[in-house]
Amino acid sequence: MTGPQQVLAEYLRAVEDAGLDYVCCGDHISFYIGFGSDGLLTAAAYAAMTNSLPVSIGIYLLVLRHPVAVARQIATFESLFPGRLIFGVGIGGEDPHEVEICGVEPKTRGRRMNECLQILHGLLEGTPFSFEGEFFRIKDALILPAPKTKPPILIGGRSDAALRRAALYGDGWLPIWVSARRLKEASGQIAEVAERNGRRADSFTHGLQVWCATGRNRSDARNRLAAAMESLYQIPFERFEKWSPYGSTQEIAEALSPYIDVGCKYINLTLQAPDPHSQIETAAAIREYLINR
């Protein structure tokens, strides 16, 4: 490999060598000014460039794809890289235009997502599957070979509907921009709904997506984080600031510590740093702090 591919491969190997639990990637089709990258393609590339490093997609806009095609993609991924995918999914919320250009009515996203998840679960069993709903009608669909290991499916979103979706169809909740208190409350809500519907409350593994930044000093870190988030979301940083820690490694780790206290098991860091080396070093130090605190 040469050029950008070599740089990426070296970066990912450094992530793996640093002992981090997994690497994260996002997913967008055409976000605001056309930004995006396909989450499953990116995850496969990351997995191919490393030896055993898992990849977390946070989050894949499942609602914008046909679930039969996604089931095939997941089965293929698992055949190539078994047990190395953490599949976070969501309906997308910040840019309705991205949803519309994919032929999906934004107001139907929640109901559509529920059907997508039911179909995905059915197809990954490796037996003929039929489904008739509001958006999808499938008869005797079959995806073989079925994956020996099905990836955990974590459900994004902050609404009550998203929590119910996680309880019914997910293996955990993967929110962004929530407090530790909210994570604890939501975990209880998910457990209640799950138990009422015949699912074990102790089977869930919840996570968190968090933007954060380090820099030469606290002010530099804030400016770095604000610039990155405002560029992507087209919204003033102040709207996100209370959920987006910045400063020294210890300050970031201390801000994340309460989430671990309420049972958070996955933390996807969107970490802004002066350079790739310090980004990896900071992420590893945060992990070490949270494990050994």
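Residues numbered from 1 in each chain as written. Predicted model: local features only at pLDDT ≥ 70, side-chain atom pairs only at ≥ 80, totals over all residues. Heavy atoms only, no water.

1. Concerning the sheet that holds strand S5 (residues 85-89)
The pairing of strands in a sheet comes from backbone hydrogen bonds and takes either a parallel or an antiparallel form. Read from one edge to the other, the open sheet built from five strands follows the order S1-S4-S5-S8-S9, with strand pairing classed as parallel. Every interior strand has two partners, whereas the edge strands, strand S1 (23-25) and strand S9 (172-173), have only one. Taken together, the three bridges between S1 and strand S4 (residues 55-60) define a ladder with parallel strand orientation. When the bridges of S4 are listed, Val23 appears paired with Val55. (Pairing = 2+ DSSP bridges. Helix = DSSP H or I, 4+ residues; strand = E, 2+ residues; numbered from the N terminus.)

2. Side note on the environment of Thr149
Summarising the element assignment, Thr149 is placed in the loop between strand S7 (137-141) and strand S8 (153-155). By relative accessible area, Thr149 is classed as partly exposed at 36%. Along the backbone, Thr149 and Glu78 are 71 residues apart, and their C-alpha atoms lie at a distance of 6.9 Å. (Buried < 20%, exposed > 50% of the residue type's maximum accessible area, 1.4 Å probe, protein only.)

3. A short note on empty space enclosed by the protein
Overall, the coordinates contain one cavity of 30 Å³ or more when judged by the stated rule. Of the voids in this model, the largest cavity is the one considered here, and its volume is about 30 Å³. Forming the boundary of the largest cavity are His28, Phe31, Leu61, Gly92, Gly93, Glu94, Asp95, Glu98 and Val99. Put simply, the parts of the chain that give the lining of the largest cavity at least two residues each are strand S2 (28-31) and helix H4 (96-100). Residues that form the lining of the largest cavity fall into these classes: three nonpolar, three polar and three charged. (1 Å grid on protein atoms, 1.4 Å probe; cavity = no way out; pocket = protein on both sides within 12 Å on 5 of 7 lines; lining within 4 Å. Points joined across faces, edges and corners; volume = space filled by probe spheres on them. Nonpolar A, V, L, I, M, F, W, Y, C, P; charged D, E, K, R; others polar.)

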